[in-house]
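Given next are the chains, with one letter for each unit.
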Amino acid sequence: MKVANPISVVVVDDSAFMRRMVSTTLEEDTGIKVVATCEDAREARENIRNLNPDVITLDVEMPGMDGLEFLRRIMKLKPTPVLMVSSLTAKGTDASLNALAIGAVDVLSKPVGANSIPEFGRQLREKVRLAARASVVPSDPVARMPPPAVLPSASSGLKLVVAGSSTGGVAALTAYLEQLPFGAPPHILVQHMPGNFLKRFATRLNKGCRHNVFEAKNGQALNLGDIAIAPAGMHTLVMRQDGHPVIRLSEHDMSTPHKPAADILFSSTADAFGKSAIGLVFTGMGSDGSVGLLKMRQAGARCFGQDKASCVVYGMPRNAMAAGAVEFEASPPELADIVWSFFKPSPLKQGEVSGGIRDAIR
């Protein structure tokens, strides 16, 4: 059965085998149509200009103009949802993370051996469908007026910040951490991403920002300036020991579609830290985080979400807001200012509103 308006896709890869496999795999879904296959940036540029596809799949490593430079040009001249298709090499993984920071919607590892092709195909179709619904966010920050001063005053005693993100999270978390001042409260971050990408993501953040960023380890105590990235394949929870956060990793499924899951982290934070924590939910598909964030808010924690205008996929924040778990939405840099305002609050006279988010959040 033909679908009325199938998702149109341009496939870009220098390998003829990959072009055929990606095209054949995508068109197993009658709601997706490959309108062109291209072996380099020059050919792709013409087809994208003429065909105006809904989604582009793009190889990271190509001869001539590589995938990253071509992606930069796409984002500048004709912003379009782009899915990067990457090798599992360290070079390919680093390039994919750069692509996500530039503006790619998502990344998918190329299959290794025939046995991995069916799973690759399933994920490819799923990610293309998701990319077609994504909002391509400009890389330049959007100027916004400060939010209304309707929230109560900041309270002392903030011990921990926890956050969850998925599609678009690499750029969002990077923007958030770049804005967060040195010596911030400890953080635990859940980002839905394959394990090999998570490890490189932690390394990338550690090199590129002022904080101590690392992959979380079982039994690890967190200090000021520590940013722990939840590892793939297991859940990350937090305990309270002598008033300080300590990480606990668990391989138990706990009936969640994601592993790690923001809901699991948030729920444990509500139990261990109550009003001494802040919960954040960033861009991503689905509803992970909604249940746990609501539990945090009911325990007295402050809970915020990324706003629709800055989200690649306004799914997780929207569902958290609908559940009553989010009290306020803002862009990632503004969320960093909000967190800092609670950690290092400055005096604010009643009724006073300055031009900065720190004052407006009171």
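What counts as what
Residues numbered from 1 in each chain as written. Predicted model: local features only at pLDDT ≥ 70, side-chain atom pairs only at ≥ 80, totals over all residues. Heavy atoms only, no water. Helix = DSSP H or I, 4+ residues; strand = E, 2+ residues; numbered from the N terminus. Buried < 20%, exposed > 50% of the residue type's maximum accessible area, 1.4 Å probe, protein only. Pairing = 2+ DSSP bridges. Axes fitted to C-alpha atoms, helices over the stretch in contact; angles between N-to-C directions. Contact = heavy atoms within 4.5 Å. Salt bridge = Lys/Arg side-chain N within 4 Å of Asp/Glu carboxyl O. Phe/Tyr/Trp six-rings, centres within 6.5 Å; stacked < 30°, edge-to-face > 60°. Parallel < 35°, antiparallel > 145°, perpendicular 65-115°, else oblique. Left-handed = near helix turned anticlockwise from the far one by under 90°. Nonpolar A, V, L, I, M, F, W, Y, C, P; charged D, E, K, R; others polar. Core = buried A, V, L, I, M, F, W, Y, C linked by side-chain atoms within 4.5 Å.

K.L.:
How would you summarise the overall build of the protein chain if you had to cite specific residues and measurements?
P.N.:
Broken down by element type, the protein chain carries 12 helices and 14 strands. Counting every position in the protein chain, which comprises 362 residues, the buried fraction comes to 55%.

K.L.:
Which residues make up the sheet that holds strand β3 (residues 55-59), and what values do they have?
P.N.:
Backbone-to-backbone hydrogen bonds join strands into a sheet, with any given pair of strands oriented parallel or antiparallel. Taken together, the 5 strands give an open sheet; going across it, the order is β2-β1-β3-β4-β5, and neighbouring strands pair in parallel fashion. In the strand order of this sheet, the two ends are held by β2 (32-38) and β5 (106-109), each with one partner. Strand-to-strand twist of the sheet, defined as the mean angle between neighbouring strand axes without regard to direction, takes the value 25°. When β3 meets strand β4 (residues 82-86), the two strands line up parallel, connected through 4 bridges. Residue I56 lies in a different strand from β4, and its bridge partner there is V82. On the sheet, helix α1 (residues 16-26) packs against β1 (7-12), β2, β3 and β4 and is oriented at approximately 170° with respect to β2.

K.L.:
Please set out the environment of I338 residue by residue, giving values where relevant.
P.N.:
Note on placement: I338 falls in helix α11 (residues 332-343). On the basis of relative accessible area, I338 is assigned to the buried category, the value being 0%. For the pair I338 and L180, spaced 158 residues apart in the sequence, the C-alpha separation amounts to 9.5 Å.

K.L.:
I'd love a proper account of the pattern of salt bridges, names of residues and values included.
P.N.:
Enumeration according to the criterion identifies 13 salt bridges in this entry. Close ionic contact of R49 with E46 constitutes a salt bridge, the shortest N to O distance being 2.9 Å. With R49 and E46 both in helix α2 (residues 41-51), this residue pair falls 3 residues apart, about one helical turn. Judged by its relative accessible area of 37%, E46 falls in the partly exposed class.

K.L.:
An account of the environment of A232 is requested, with residue identities and associated values reported.
P.N.:
Within the fold, A232 resides in the loop between β9 (226-229) and β10 (235-241). Sequence separation between A232 and A261 is 29 residues; the distance between their C-alpha atoms is 9.6 Å. When residues no more than four places from it in sequence are discounted, the contact partners of A232 are M193, P194, G195, L198, K259 and P260.

K.L.:
Can you break down the pairing of β9 residue by residue, with the values?
P.N.:
Residues D226 and A228 line one face of β9 and the alternating positions I227 and I229 line the opposite face, and both faces are buried. Relative to β9, strand β7 (residues 187-191) runs parallel, the two sharing 3 bridges. When the sheet's bridge partners are listed, L189 is paired in β9 with I229. In this structure, strand β8 (residues 212-215) lies alongside β9, joined through 4 bridges in parallel fashion. Within β9, the residue paired with V213 across the bridge is I227.

K.L.:
Quick rundown of the sheet that holds β7? Include the residues and the values.
P.N.:
The strand order β8-β9-β7-β6-β12-β13-β14 describes an open sheet built from 7 strands, whose pairing is parallel. The open sheet is flanked by β8 and β14 (328-330), the only strands paired with a single partner. Direction aside, the axes of adjacent strands within the sheet are offset by 20° on average. Packed on one face of the sheet, helix α6 (residues 169-179) meets β6 (160-165), β7, β9, β12 (277-281) and β13 (302-306) and runs near 165° to β7. Sheet strands in contact with α11 are β6, β7, β12, β13 and β14, and its direction is about 165° off that of β13.

K.L.:
An account of the packing of aromatic side chains is requested, with residue identities and associated values reported.
P.N.:
Here the structure, examined in full by the defined rule, presents 3 aromatic pairs. Relative to F282, the ring of Y176 lies with its centre 5.5 Å away and its plane at 70°, an arrangement referred to as edge-to-face. Of the two residues, Y176 sits in helix α6 while F282 sits in the loop between β12 and α9 (290-298), which places them 106 residues apart along the sequence. The class for Y176 is buried, based on a relative accessible area of 0%. Arranged with centres 5.7 Å apart and planes meeting at 55°, the rings of W340 and F343 form a pair that is tilted. With W340 and F343 both in helix α11 and 3 residues apart, this pair spans about one turn of that helix. Of the two residues, W340 and F343, neither departs from the other in class, the shared state being buried.

K.L.:
Break down the packing of helix α8 (residues 262-273) against α9 for me, with residues and values.
P.N.:
At their nearest, the axes of α8 and α9 sit 7 Å apart, and the two run at 15° to each other. Between α8 and α9, the angle is such that the two are roughly parallel. Note on packing geometry: the crossing formed by α8 with α9 is left-handed. Facing α8, whose interface residues are D263, F266, S267, T269, A270 and D271, α9 presents S290, V291, G292, L293, K295 and M296. Tallied by class, residues from the contact of α8 with α9 come to 5 nonpolar, 4 polar and 3 charged.

K.L.:
Mind laying out the nonpolar core, listing which residues take part and the relevant values?
P.N.:
Formed by 60 residues in total, the largest nonpolar core has its most connected members in L58, L71, M84, Y176 and L280. If one sorts the elements of this core by residue count, α11 sits on top with 7 residues. With residues near it in sequence (within four places) discarded, M84 still touches L58, D59, V60, L71, A99, A104, D106, V107 and L108. Listed in part, the 29 residues of the second largest apolar core include V162, V190, F214 and M316.

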